[in-house]
Amino acid sequence: MQPSGFELATGVSLAEDQKRVLVHCSAPSYLSDEFDTLTSDIQEELIRRMKRRGMAVMHADAAADVLDDYAGQFDPNLLAMQLDDVDYIFHVQFESFTYREDNSPNLYRGKASGKIVAHEIVRGKDGAGQHAIQVYDQLFNMTHPTTHPVAVDQMPKTVFIRKFTNKLADELGHTFY
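Residues numbered from 1 in each chain as written. Predicted model: local features only at pLDDT ≥ 70, side-chain atom pairs only at ≥ 80, totals over all residues. Heavy atoms only, no water.

Colleague: Can you explain the overall build of the protein chain? Please cite residues and give values.
Modeller: Scanning the protein chain from N- to C-terminus turns up six helices and six strands. In the protein chain, the succession of α and β elements from N to C terminus is α-β-α-α-β-α-α-β-β-β-β-α. Relative to the compact-globule value of 16 Å for 177 residues, the protein chain shows a C-alpha radius of gyration of 17 Å, a close match. For the protein chain, the C-alpha atoms occupy an extent of roughly 60 × 40 × 25 Å along the three principal directions. Averaging the locations of the 17 positively and 26 negatively charged side chains of the protein chain gives two centres separated by 6 Å. (Helix = DSSP H or I, 4+ residues; strand = E, 2+ residues; numbered from the N terminus. Rg over C-alpha atoms; globule rule 2.2 N^0.38 Å. Lys, Arg positive; Asp, Glu negative; His and termini not counted. Charge placed at Lys NZ, Arg CZ, Asp CG, Glu CD.)

Colleague: Go over helix α3 (residues 38-52), please, and point to the residues and values.
Modeller: If you check α3, its first and last C-alpha atoms are 21 Å apart, about what 15 residues at 1.5 Å a residue would give, namely 21 Å. Listing the buried residues of α3 in full gives Leu38, Thr39, Ile42, Gln43, Glu45, Leu46, Ile47, Arg49 and Met50. The inward-facing, buried residues of α3 contact β1 (20-26), β2 (56-57), β3 (88-101) and α6 (157-173). Gly54 occupies a position one or two residues after α3 and carries a positive phi of about 75°. (Expected span 1.5 Å × (residues − 1). Buried < 20%, exposed > 50% of the residue type's maximum accessible area, 1.4 Å probe, protein only. Contact = heavy atoms within 4.5 Å.)

Colleague: Got a sec to walk through the packing of α3 against α6? Specific residues and values, please.
Modeller: Look at α3 against α6: their axes get within 9 Å of each other, and the N-to-C directions meet at 50°. As the angle between them shows, α3 and α6 are arranged oblique. Where α3 crosses over α6, the two elements pack in a sense that is right-handed. Judged by residue contacts, Asp41, Ile42, Glu45, Leu46 and Arg49 of α3 engage Arg162, Thr165, Asn166, Leu168, Ala169, Asp170, Leu172 and Gly173 from α6. (Axes fitted to C-alpha atoms, helices over the stretch in contact; angles between N-to-C directions. Parallel < 35°, antiparallel > 145°, perpendicular 65-115°, else oblique. Left-handed = near helix turned anticlockwise from the far one by under 90°.)

Colleague: An account of the nonpolar core is needed here, citing residue identities and associated values.
Modeller: In this structure, Val23, Phe90, Phe94, Leu168, Leu172 and Phe176 are the most contacted members of the largest nonpolar core, which totals 37 residues. Elements with a contribution of two residues or more to this core: β1, α3, β3, β4 (104-123), β5 (130-144) and α6. For this core, the element with the highest residue contribution is β3, accounting for six residues. Among residues more than four places away in sequence, those in contact with Phe176 are Ser4, Leu14, Val23, Leu46, Met50, Met55 and Phe90. Counting 14 residues, the second-largest nonpolar core is a separate cluster that includes Leu22, Met58, Leu67 and Ala80. (Core = buried A, V, L, I, M, F, W, Y, C linked by side-chain atoms within 4.5 Å.)

Colleague: Give a detailed account of the environment of Phe164, specifying residues and quantitative values.
Modeller: Considering the arrangement of structural elements, one finds Phe164 in helix α6. The residues contacting Phe164, other than those within four sequence positions of it, are Phe97, Thr98, Gly110, Lys111, Ala112, Met142 and His144.

Colleague: Any chance you could break down α6 for me, citing the residues and the numbers?
Modeller: Counted at 1.5 Å a residue, the expected span for α6 with its 17 residues is 24 Å, and the 24 Å between its end C-alpha atoms agrees. Taken residue by residue, α6 has Phe160, Phe164, Thr165, Leu168, Ala169, Leu172 and Gly173 as its buried positions. Packing partners of the buried residues in α6 comprise α3, β3, β4, β5 and β6 (150-151).

By themselves, these observations are geometric and do not establish any function.
Structure representation (structure tokens):
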């Protein structure tokens, strides 16, 4: 079995070492406004795939519950202080997402880019305080399909977007497993 991107970079196998993981996805408001379920769809798919592989991953609402109480901005140190049962926090940050081919409104081609940042939770001696230290930072840039775009009359938009987000979740998942 090939090691994950995270394991190659850090030497830590999230699955084998049974590390407790929190995954949080975010996107700038211009993406969230247009694709309102993008971050939750990808987050849920990643968590589902991780659980299928026997990984110890926290529920999707864990981060949202904490962040909502503190203005909604992603803050790994806040999450580290508020969540006792997590070893690593992964933040998937989308910078771009589209499903249309450039300059061709009659063609579908999904494109997404961003980065995945991981923080390890470090606990103080005798359980006194804990904080997050960034241990991983990886850019992603994905295009689907890579060969030729799909004509809009060959597939409904919702089906294409679902296939693209599934492919995107598969690709992002290689970071974790």
